[in-house]
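Fold and contact review
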Amino acid sequence: MSRGHAFPSGFIWGAATSAYQVEGYPLADGAGPSIWHRFAHTPGRVAGGATGDLACGHYHRFREDVALMAELGLSAYRFSIAWGRVLPDGRGRVNRKGLDFYLRLVDALLEHDIQPMVTLYHWDLPAALQERGGWLDPDSAVWFADYAQILFRALDDRVQAWVTINEPWVVAVLGHLEGVHAPGHRDAREAVRVMHHLLLAHAEACATYGALGRHQIGIALNLEPQHPASDSEADRAAADRRDAFINGWLLDPLFHGRYPEAMADIFGSAWPDFPSTEIDRIRCPADFLGVNYYSRGWVRDDPAVQPTGAARIERPNAPVTAMGWEVYPRGLTEILLRLKTQYGNPPVYITENGAAFEDSAPTAGRVEDPRRVAYLREHIGAAGAAIQAGADLRGYFVWSLLDNFEWAEGYAKRFGLFRVDPSDQSRLPKASAECYKDIIASHGAGL
Ligand SMILES: N#[N+]C[C@@H]1[C@@H](O)[C@H](O)[C@@H](O)[C@@H]2O[C@H]12
């Protein structure tokens, strides 16, 4: 890992959140329910029966949180817009109060010289659209483009970076194949069509933005290197299958205008013959790629694991986070350089990077989180190494600003730079917040 490099001038230092995970009050001011509101209120779906009903109370506390961001010295804040706040039925009537919340949030950020990066979709599809078929409906791309256009027109004078969809892979696989995320479906035929429609939705939003936008638009992908657990041909082949399943399934259509051939082998008869005209449309001229990086896969051949026949296993004695993910900063450098060598070296933002650990109890008004401090320093250093090797990396966003609703894990997994006390939603700085503030102030020098 490189030492002593500084990040290029203009490099963006940010933090990220998403609407359902931090805002709370999901039905306030005329908002319509999302699939995550419905899913979290379904018994047995979320650990401890937790919901986003209160979350971090960001909907009412956003000015307090913007002040925390300013104290850190953030130059940008990535957040998502809850589709159902703006369009309670997912289409048609605009809920002015819902839109006004985001206008106020953006203006508060700009008052503190913090650039908003807005994610249009971070998993909280309006329930009314799910009732029409959700992302399985071919019209979903049009629904999304129409929603996006409303936001572009309302905010593009103040928002200079847009992310269409956050982690389509999670939506398709966890939501429609494994059923552990909303809407809780378990159907391979559905999952592959949902992924295709999500990519079409991204392309339609890019096209819409190209016609009226003045800044930049991209997509945020969870990317993860896959390494074989042994030198055996079986494990190497398994790692290749899991690489196609997690990385190539998205990168290849977006950048090369084709799906990996391995997808038909992985999904068999569930994999349709998608129209080439649609795949051509998916290869869209987005301005940047968002990379959400957390870990790598350590992969062993295992026919019992569907649909890839490849098991992600724990590497013996490897350091892991509270999510069970290996701490592997070199994987970030590897992913960024792979984008350089295999996908045309696109402008990239690390739109999420961070870790959950079993934080200690607060003492003297602060939480000591040495493992998160080490994680951030190592991964930002790994990002710097990629820049030195020629990656076109433009910015870095920590996941997350606040401890928040960690989807099916509820509030048990804490990723925040600030601890949020569930009893009163008070914010308390962690040592990692101080560490990140220093990294920003020194522009990453010395990592
Ligand atoms: N798990 N985990 C943490 C984090 C999740 O909280 C975000 O919402 C997702 O975009 C991505 O999965 C990463």
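Located above this text is the structure these notes cover.
Structural notes, computed from the coordinates. Numbers given for residues are sequential positions, taken from 1 along each chain in its written order. Confidence filtering applies because this is a predicted model: local features only for residues at pLDDT of at least 70, side-chain atom pairs given and counted only at 80 or more, and all residues used for totals across whole chains, interfaces and linings. Neither water nor hydrogens contribute to the side-chain values; these are computed over all heavy atoms in the structure.

**What about unusual backbone geometry?**
- Of the consecutive residues A182 and P183, the connecting peptide bond is found in the cis state with omega at 5 degrees.
- A run of DSSP states H or I qualifies as a helix once it reaches four residues; a run of E qualifies as a strand once it reaches two. Both are numbered from the N-terminal end. Summarising the element assignment, P183 is placed in the loop between α8 (168-176) and α9 (188-212).
- Of the consecutive residues W399 and S400, the connecting peptide bond is found in the cis state with omega at 15 degrees.
- Of note, the phi angle at N345 is positive, near 50 degrees, even though the residue is not glycine.
- Mapped onto the fold, N345 is located in the loop between α13 (330-342) and β10 (348-353).
- Of note in this structure, A364 is not a glycine but carries a positive phi near 55 degrees.
- When you line up the elements, A364 lands in the loop between β10 and α14 (370-388).
- Exposure is judged per residue with a 1.4 Å probe applied to protein chains only, and the accessible area is read against the type maximum: over 50% gives exposed, under 20% gives buried, and values in between give partly exposed. A relative accessible area of 87% places A364 in the exposed class.

**Overview of the site of the ligand**
- Around the ligand sit 14 residues, and of these Q21, H122, N166, E352 and E406 come closest.
- For the ligand, an oxygen atom lies 3.2 Å from a polar atom in the side chain of W399.
- Between the ligand and W407 there is a distance of 2.9 Å, counted from an oxygen atom to a side-chain nitrogen or oxygen.
- The method behind every accessible area is Shrake-Rupley, applied with a 1.4 Å probe, and residues are considered shielded solely by the protein chains displayed. Contact with the protein chains removes 94% of the 320 Å² of surface that the ligand exposes when unbound.
- Broken down by class, the residue content of the shell around the ligand amounts to seven nonpolar, four polar and three charged. Consider each residue's heavy atoms; a residue with any of them within 4 Å of a molecule or strand counts as near. Here a polar contact is taken to be a pair of N or O atoms separated by no more than 3.5 Å, where protein atoms must pair a possible hydrogen donor with a possible acceptor and residues adjacent in sequence count only if both atoms sit in side chains. In this count, Pro and Cys sit with the nonpolar residues alongside Ala, Val, Leu, Ile, Met, Phe, Trp and Tyr, while Asp, Glu, Lys and Arg are called charged and the others, Gly among them, polar.

**Looking at the sheet that holds strand β3 (residues 115-121)**
- With parallel pairing, eight strands are arranged side by side around a closed barrel as β1-β2-β3-β4-β5-β7-β10-β11. Averaged over all adjacent pairs, the angle separating strand axes in this sheet is 25 degrees, with direction ignored.
- Strands were regarded as paired on the criterion that DSSP finds at least two bridges between them. Relative to strand β4 (residues 161-166), β3 is paired through four bridges, and the arrangement is parallel. When the bridges of β4 are listed, M117 appears paired with A161. Between N-to-C directions, angles cover 0 to 180 degrees, with each direction set by a line fitted to C-alpha atoms, over the stretch in contact for helices.

**As for the side chain of R242**
- As for its placement among the helices and strands, R242 is situated in helix α10 (residues 233-256).
- By definition, residues are in contact when any of their heavy atoms lie within 4.5 Å. Residue contacts for R242: discarding those within four places in its chain leaves E224, Q226, N247, G297, V299, A310 and R312.

**Here's the deal with α10**
- Here α10 is 24 residues long, yet its end C-alpha atoms lie only 27 Å apart, well below the 34 Å a rise of 1.5 Å per residue gives.
- Note that the bend at a residue is defined as the angle between axes fitted to the seven residues ending at it and the seven residues starting at it. Largest kink in α10: about 55 degrees, centred on G248.
- Count one or two residues on from α10 and you reach G257, which has phi positive near 70 degrees. In a helix, the anticipated span is given by 1.5 Å times the number of residues less one.

**Considering the packing of aromatic side chains**
- Only the six-membered ring of Trp is used, alongside the rings of Phe and Tyr, when aromatic pairs are assigned; centres must lie within 6.5 Å, and planes under 30 degrees apart are stacked while those over 60 apart are edge-to-face, with the rest tilted. Summed over all chains, the structure comprises 44 aromatic pairs.
- The interplanar angle of 85 degrees and the centroid separation of 5.1 Å between the aromatic rings of F288 and Y349 together place this pair among those described as edge-to-face. Taken together, the residues span a long stretch of sequence, with F288 in strand β7 (residues 288-292) and Y349 in strand β10 at a distance of 61 residues. Pair check on accessibility: F288 and Y349 agree, each one buried.
- Counting every residue linked through ring pairs, the aromatic cluster contains Y20, W36, F39, W123, F405, W407 and Y411.
- For a ring to carry a charge above it, either NZ of a lysine or CZ of an arginine must fall within 6 Å of the ring centroid while also lying within 35 degrees of the normal to the ring plane. One residue, R296, lies across the ring of Y328, its end atom 3.8 Å from the ring centre.
- One cation-aromatic arrangement involves R315 over W298; the distance from NZ or CZ to the ring centre is 5.7 Å.

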